[in-house]
Amino acid sequence: FPAAVRDGIDAYRALLAAGFAGSSVILAGDEAGGGLAFSLALAIRNAGLAMPGGILALSPWADLSLSGLSILHNRKCDGVLDWETLFVSARHYLRKSNPCDAYASPAYAPFTGFPPIMVHAGSKEILRDDASKLGDRAAAANVPVSVEIYDGMSHLFQCDAGRSEAKVSLSRLAQFVRAKSTAMAA
């Protein structure tokens, strides 16, 4: 930290320099990559660059302070992630940096001026509250946002393409991308 954010903004600047409009880019990621998409949007906005067309995240890890109650409430339901793994990962990534730094934990960032946002998570995963926090931040900044928490689903349930919930989620995410792509082409 903050190498990932710096690398992301360097890549974004390279796209802009190559002639791509910021609005033609959709920042997307899952888990830590989902949190990074929001950190990158913050860096883009703060640098005064053209904002991307949207932000999309699946089960984002956006609060490295691990303050969400879903980390405790869903610890027995989430078969993919656990508090210990997140704690060690955050410690290695942050080193001595503050876990509440907005570039590390975009759940603490102001989202004023952000593009439209779509976030999907499962109700049984330990990162559920991170998804909700992002939605709250976006709503507080009057940013168009859709946070969808899929009942009974665990972390990154979209990987099981046979599940009807995964099909619905992936279809909704594709709709979001198409809508932003159409708006960009117009």
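Up top is the structure.
The structure reproduced in this document is the subject of the present report. Only a predicted model underlies this, so the values are computations on that prediction, with no experimental measurement involved. Along each chain, numbering runs from 1 in the same order as the chain's sequence is written. Where totals are concerned, whole chains, interfaces and linings use all residues; where local detail is concerned, this predicted model gives features only for residues with pLDDT of at least 70, and gives and counts side-chain atom pairs only at 80 or more. Calculation of side-chain values draws on the structure's entire complement of heavy atoms; hydrogens and water are dropped beforehand.

Quick look at the nonpolar core
The condition that has to hold: Take the buried residues of types Ala, Val, Leu, Ile, Met, Phe, Trp, Tyr and Cys, join any two whose side-chain atoms come within 4.5 Å, and each joined set is a nonpolar core. Accessibility here uses a 1.4 Å probe with only protein chains present; expressed as a share of the type maximum, an area under 20% marks a residue as buried, one over 50% as exposed, and anything in between as partly exposed. Elements are defined by DSSP. Helices are runs of H or I of four residues or more, strands are runs of E of two residues or more, and each kind is numbered from the N terminus. Should any heavy atoms of two residues lie within 4.5 Å, those residues are counted as being in contact.
Counting 28 residues, the largest nonpolar core has Phe38, Phe111, Phe114 and Ile117 as its most contacted members. Elements represented by at least two residues in this core include exactly α1 (3–17), α2 (32–46), β2 (54–58), β3 (117–122) and α5 (128–140). Looking at this core, the element that brings in the most residues is α2, giving seven residues. Among all residues touching Phe111, those that are not within four sequence positions of it are Phe38, Arg45, Pro106, Ile117, Leu134, Arg137, Ala138, Ala141 and Val143.

Considering α1
To keep it simple, the criterion reads: What a helix is expected to span follows from its residue count: subtract one and scale by 1.5 Å. By arc we mean the arc of the directions from the helix axis to the C-beta atoms, nothing more.
Here α1 contains 15 residues, and its C-alpha end-to-end distance of 21 Å stays within 8% of the 21 Å for a straight helix at 1.5 Å per residue. Inspection of α1 places Val5, Gly8, Ile9 and Tyr12 among the buried residues, and these make up the whole buried set. Down the axis, α1 shows its buried residues gathered within 95 degrees of arc, on one side only. In α1, the exposed residues that point more than 90 degrees away from the buried face are Arg6, Asp7 and Ala17. Following α1 by one or two positions, Gly19 has its phi on the positive side, about 100 degrees.

Here we look at the packing of α1 against α2
This is how it is decided: To get an axis, a line is fitted to the C-alpha atoms, and for a helix only the part in contact is used. The angle between two axes follows their N-to-C directions and goes from 0 to 180 degrees. The crossing is said to be left-handed when, going from far helix to near helix, the turn is anticlockwise and less than a right angle, and right-handed when the turn is clockwise. Residue type decides the class: Asp, Glu, Lys and Arg count as charged, Ala, Val, Leu, Ile, Met, Phe, Trp, Tyr, Cys and Pro as nonpolar, and the leftover types, Gly among them, as polar.
α2 packs onto α1 with a crossing angle of 65 degrees between their chain directions and a minimal axis gap of 9 Å. In the packing of α1 onto α2, the handedness of the crossing is right-handed. Note on element contacts: α2 touches α1 through Leu36, Ser39, Leu40, Ala43 and Ile44, opposite Ala4, Val5, Gly8, Ile9 and Tyr12. A breakdown of the residues in the contact of α1 with α2 according to their chemical character gives eight nonpolar, two polar and no charged.

Brief notes about the sheet that holds strand β1 (residues 26–30)
Keep this limit in mind: Think of it this way: DSSP has to see at least two bridges between two strands before they count as a pair.
With parallel pairing, four strands are arranged side by side in an open sheet as β1-β2-β3-β4. The outermost strands of the open sheet, each flanked by one partner alone, are β1 and β4 (145–150). Looking at each pair of strands side by side, their axes are set apart by 10 degrees on average, direction ignored. Packing of α2 onto the sheet brings it into contact with β1, β2 and β3, and relative to β1 it is tilted by some 150 degrees. Lying on the sheet, α5 is in contact with β3 and β4; it crosses β4 at an angle near 160 degrees.

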